[in-house]
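Residues per chain are reported as follows:
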Amino acid sequence: MSDTQKITPRDPGFSFADDLPVNWHSDDPAISHFYNGLSLTFPEGERFFVDSVRHFADEITDPKLKVDVRGFAGQEAIHSREHVVYNQYLAKQGLEPEKIERLVTYGLRMGRKLPKKTQLAITCALEHYTALFAEAILENPKVMEGAHPQFANLWRWHALEESEHKAVAFDVFKTVDPGVGGYLRRIIAMTLTTINFNLSALGNQIYLMKKSGELTNWRSWGRSLRHLWGREGVWRHVMKGVFSYYRPSFHPNDRDTDALVAKWRTWYAADIQSS
Ligand SMILES: [Fe+2]
Ligand SMILES: [Fe+2]
């Protein structure tokens, strides 16, 4: 995102009525549960992101970055809150998401014992994942085609803000851990995060499929495979973009998403804010 654009938290206040469809994406359990499984990691995950950046608040001297950190923290706090409501809806559907949430909390409690710079490197890796995921959602209308508008709007709003603040944690990391040491730390963190994040995304999806009695719905698994890994698959887009992170000169803004962000800001103002 260019220097002139400000990172402003929005407050959509989504509510989740009990009669929303369980299989909200394409009437398909495996596709819906892929997104639901990610949502279960967000409340605790995003608190971890904010804390890992805030540890270094005193070391940031650049006035623009200071402002961006405040915007980033404000956006992630509202993401956490909205995904708590989303996850409560999943609980009401009898999916027992608490078990996954407890596992996420335990994993992050372990993560908080790591050196603070390593915690920030993990945040940068996951922010690269969320930025790529956001790009796929915003760029390719097919990703949310067939989704219930309530959920599509939530994912698009979250994607917009992830694109807006995609460079903040990385810029803080470059400030506090520059050079070869910082490079090694961030690529090791990315490698471990890639293994962990992919396994947990699949594990959460399997758990939710089991809970909803759809574990052996192979037709649905096939559709999910195409949605995630097909020619225009959302996860295929993400994984293709992960490798660029290993370039020593990598920066999140190497991928120019300014036009995409501008387009979806207009959408939010017209369709969500004013509704
Ligand atoms: Fe977020
Ligand atoms: Fe984020």
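Since this is a predicted model, take the numbers as computed values, not measurements. (Residues numbered from 1 in each chain as written. Chains lettered and ligands numbered in written order. Predicted model: local features only at pLDDT ≥ 70, side-chain atom pairs only at ≥ 80, totals over all residues.)

Engineer: How would you summarise the overall build of the protein chain if you had to cite specific residues and measurements?
Structural biologist: When helices and strands are counted, the protein chain shows ten helices and zero strands. For the protein chain, the succession of helices and strands along the chain, N to C, is α-α-α-α-α-α-α-α-α-α. Its C-alpha atoms give the protein chain a radius of gyration of 18 Å, near enough to 19 Å, the size a compact globule of 275 residues would have. A buried classification covers 40% of the 275 residues belonging to the protein chain. Residue pairs in contact within the protein chain that sit at least 24 positions apart in sequence constitute 83% of those at least 6 positions apart. (Helix = DSSP H or I, 4+ residues; strand = E, 2+ residues; numbered from the N terminus. Rg over C-alpha atoms; globule rule 2.2 N^0.38 Å. Buried ≥ 20, exposed ≤ 12 C-beta atoms within 10 Å, placed from the backbone. Contact = placed C-beta atoms within 7 Å.)

Engineer: Any chance you could break down the nonpolar core for me, citing the residues and the numbers?
Structural biologist: Of all hydrophobic cores here, the largest spans 61 residues; its most connected members are Ala 125, Ile 137 and Ala 169. Elements represented by at least two residues in this core include exactly helix 1 (29-54), helix 2 (63-92), helix 4 (116-139), helix 5 (149-164), helix 6 (168-176), helix 7 (179-211), helix 9 (234-242) and helix 10 (258-273). At 14 residues, the largest contribution of residues to this core is made by helix 4. Aside from chain neighbours lying at most four places away, what touches Ile 137 is Val 143, Met 144, Trp 155, Arg 156 and Ala 159. (Core = buried A, V, L, I, M, F, W, Y, C linked by C-beta atoms within 7 Å.)

Engineer: An account of unusual backbone geometry is needed here, citing residue identities and associated values.
Structural biologist: Residue Ser 26 is not a glycine yet carries a positive backbone phi of 60 degrees. Notably, Glu 96 is not glycine yet its phi reads approximately 45 degrees, a positive angle. With respect to the helices and strands, Glu 96 occurs in the loop between helix 2 and helix 3 (98-111). Judged by the 13 C-beta atoms lying within 10 Å of it, Glu 96 is partly exposed.

Engineer: So what's going on with the environment of Phe 133? Which residues, and what values?
Structural biologist: With respect to the helices, strands and loops of the structure, Phe 133 is situated in helix 4. Distance in space between the C-alpha atoms of Phe 133 and Met 239 is 9.3 Å, their sequence separation being 106 residues.

Engineer: So what about the packing of helix 1 against helix 3? Which residues, and what values?
Structural biologist: Relative orientation of the contacting elements helix 1 and helix 3 amounts to 20 degrees, with a least axis distance of 8 Å. Taken together, the axis directions place helix 1 and helix 3 in an arrangement best described as roughly parallel. Crossing handedness for the pair helix 1 and helix 3: right-handed. For the pair helix 1 and helix 3, contact is made by Leu 40, Thr 41, Glu 44, Gly 45 and Phe 48 and by Ile 100, Glu 101, Val 104, Thr 105, Leu 108 and Gly 111, respectively. Its residues placed into classes, the contact of helix 1 with helix 3 shows five nonpolar, four polar and two charged. (Axes fitted to C-alpha atoms, helices over the stretch in contact; angles between N-to-C directions. Parallel < 35°, antiparallel > 145°, perpendicular 65-115°, else oblique. Left-handed = near helix turned anticlockwise from the far one by under 90°. Nonpolar A, V, L, I, M, F, W, Y, C, P; charged D, E, K, R; others polar.)

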